[in-house]
Amino acid sequence: MDALIKKRIKQVIKGDQDAFAEIVEIYSNSIYQLGYRMLGNRHEAEDIAQEAFIRAYVNIKSFNQDLKFSTWLFRIATNLCIDRIRKKKPDYYLDAEVSGTDGLTMYSQLSSNSPLPEKELESLELQETVQKEILKLPEKYRAVIVLKYIEELSLNEISEILDMPLGTVKTRIHRGREALRQQLRYV
């Protein structure tokens with residue numbers, strides 16, 4: 001493949017445009033895919049591919065034939081994509097007024113970061129249920145589960161607080177989790 005490309009490049013340098021058409025045919029899909037993956041737009045990807053081949057054709061005499069042509073072509077296309085991303089301006093501005101409204105801006109169209117009331121209620125109910133089930137655990141498991149998952153302490157801190165070996169803490173956390181999981185299945 002590389003030998004064929006090098007042969008075609010030599011023909012292009014001599015003025016054979018059909019040879020460059022063969023090069024375009026070989027790489028067009030790969031260059032288009034690169035553009036599409038970087039820009040996420042089919043039309044822009046087509047533009048980038050076309051521009052990359054034009055630049056490669058215009059600058060083919062400066063191509064170092066000791067290097068791989070595909071690498072050079074991909075570098076051209078990548079740089080074009082990066083330039084397009086940098087120059088791309090937003091199609092809208094958040095403080096622009098939305099047409100057909102009385103003074104509403106795009107800011108009013110943004111979703112809130114706070115969860116929906118239904119989700120908040122579900123979360124509170126789930127927390128309540130889990131808390132009730134934790135209270136039903138045997139004390140030896142309850143202590144490690146609360147320290148690990150509610151207080152978010154490390155295993156070493158739990159070991160020191162409860163004055164027990166680290167291995168025992170790990171075992172009790174595991175068994176406590178399993179017991180809690182069993183209890184929550186029947187809720």
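First, a word on scope: everything that follows refers to the structure included in this document. (Residues numbered from 1 in each chain as written. Predicted model: local features only at pLDDT ≥ 70, side-chain atom pairs only at ≥ 80, totals over all residues. Heavy atoms only, no water.)

**Remarks on the nonpolar core**
Point 1. Membership of the largest hydrophobic core comes to 23 residues, with the highest contact counts inside it found for Ile9, Phe20, Ile23, Tyr27, Ile31, Phe69 and Leu73.
Point 2. Listed by contribution, the elements that provide at least two residues to this core are α1 (2-13), α2 (17-39), α3 (42-58) and α4 (69-87).
Point 3. The element contributing the most residues to this core is α2, with 7 residues.
Point 4. Setting aside its immediate chain neighbours within four residues, leucine 73 contacts Tyr27, Ile31, Ala52, Phe53 and Ala56.
Point 5. Counting 11 residues, the second-largest nonpolar core is a separate cluster that includes Val144, Ile158, Ile173 and Leu180. (Core = buried A, V, L, I, M, F, W, Y, C linked by side-chain atoms within 4.5 Å. Buried < 20%, exposed > 50% of the residue type's maximum accessible area, 1.4 Å probe, protein only. Helix = DSSP H or I, 4+ residues; strand = E, 2+ residues; numbered from the N terminus. Contact = heavy atoms within 4.5 Å.)

**Here's the deal with the packing of aromatic side chains**
Point 1. The final tally for this structure, using the stated rule, is 7 aromatic pairs.
Point 2. Here phenylalanine 20 and phenylalanine 53 contribute two aromatic rings whose centre-to-centre distance is 6.5 Å and whose plane-to-plane angle is 80°, an arrangement assigned as edge-to-face. Within this pair, whereas phenylalanine 20 is found in helix α2, its partner phenylalanine 53 is found in helix α3, the two being separated by 33 residues in sequence.
Point 3. The exposure class of phenylalanine 20 is buried, given its relative accessible area of 7%.
Point 4. Judged by relative accessible area, which is 7%, phenylalanine 53 ranks as buried.
Point 5. Measuring from ring centre to ring centre gives 5.0 Å for phenylalanine 63 and tryptophan 72, while their planes differ by 45°; the resulting arrangement is tilted. (Phe/Tyr/Trp six-rings, centres within 6.5 Å; stacked < 30°, edge-to-face > 60°.)

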